[in-house]
Amino acid sequence: MAGTLYNSFDVTVTMAVAANTYTAIRSIQIYDAFTVCTGASVGGTMTVSTPGGALSDAMLCAVDEVVVRADTLDASNNLVAAAGVLTVTANAAADRGTVVCRCFISGSGVALA
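Residues numbered from 1 in each chain as written. Predicted model: local features only at pLDDT ≥ 70, side-chain atom pairs only at ≥ 80, totals over all residues. Heavy atoms only, no water.

(A) How the structure looks around the overall build of the chain. Counting its regular elements, the chain contains zero helices and 12 strands. Secondary structure elements of the chain, listed N to C terminal, follow the sequence β-β-β-β-β-β-β-β-β-β-β-β. Classification of the 113 residues of the chain by burial places 36% in the buried group. Contacts in the chain between residues at least 24 apart in sequence constitute 78% of all its contacts with a sequence separation of at least 6. A total of about 5900 Å² of accessible surface is found on the chain, and carbon and sulfur atoms cover 58% of it. (Helix = DSSP H or I, 4+ residues; strand = E, 2+ residues; numbered from the N terminus. Buried < 20%, exposed > 50% of the residue type's maximum accessible area, 1.4 Å probe, protein only. Contact = heavy atoms within 4.5 Å. Areas by Shrake-Rupley, 256 points an atom, 1.4 Å probe, with all protein chains shown as cover.)

(B) Representation of the side chain of asparagine 77 in the model. Mapping asparagine 77 onto the fold places it in the loop between strand E8 (67–69) and strand E9 (79–80). For asparagine 77, the contacting residues outside a window of four places in its chain are Thr50, Gly52, Gly53, Ala54 and Leu55.

(C) Just the confidence of the model for the chain, in detail. With 88% of its residues at a pLDDT of 70 or more, the chain has an overall mean of 85. Ranking the elements of the chain by mean pLDDT puts strand E12 (residues 110–112) last, at 54, and E8 first, at 95. (pLDDT = per-residue confidence, 0-100.)

(D) Representation of the pairing of strand E10 (residues 85–90) in the model. Burial along E10 is one-sided: Leu86, Val88 and Ala90 are buried, while Val85, Thr87 and Thr89, pointing the other way, are not. Pairing of strand E3 (residues 19–23) with E10 involves five bridges; the strand directions are antiparallel. In the strand pairing of E10, threonine 21 is matched with threonine 87. The pairing of strand E5 (residues 45–50) with E10 spans four bridges and is classified as antiparallel. Counterpart to valine 48 in the pairing with E10 is valine 88. (Pairing = 2+ DSSP bridges.)

(E) How the structure looks around the environment of alanine 19. Relative to the elements of secondary structure, alanine 19 occurs in strand E3. Along the primary structure alanine 19 and alanine 92 are separated by 73 residues, whereas in three dimensions their C-alpha atoms are 9.4 Å apart. Excluding anything up to four places from it in sequence, alanine 19 contacts Val88 and Thr89.

Written out as structure tokens, the structure reads:
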């Protein structure tokens, strides 16, 4: 099997305010994002951004306990440098949820033969 093996981890951002941030300790690359809604809010959404701009599309967060995965991730904005900021923004102040970004440390892959 050929390819690259990465040790992945999750960055979890709990939304109790309209915007929240995570500052990366090391350079990371994001390969997936989803939200778990923790309250009902008609038209509620969560969006993930990096210093390069929007990373995800608006993930619906309108029904309590529903999990919604990002439909799109912009590959040109999926890197956050060390000390860079990952931002999660809610559509409205009442939108509540937990956003999870699946990541790996940039350049950390191990080649598989």
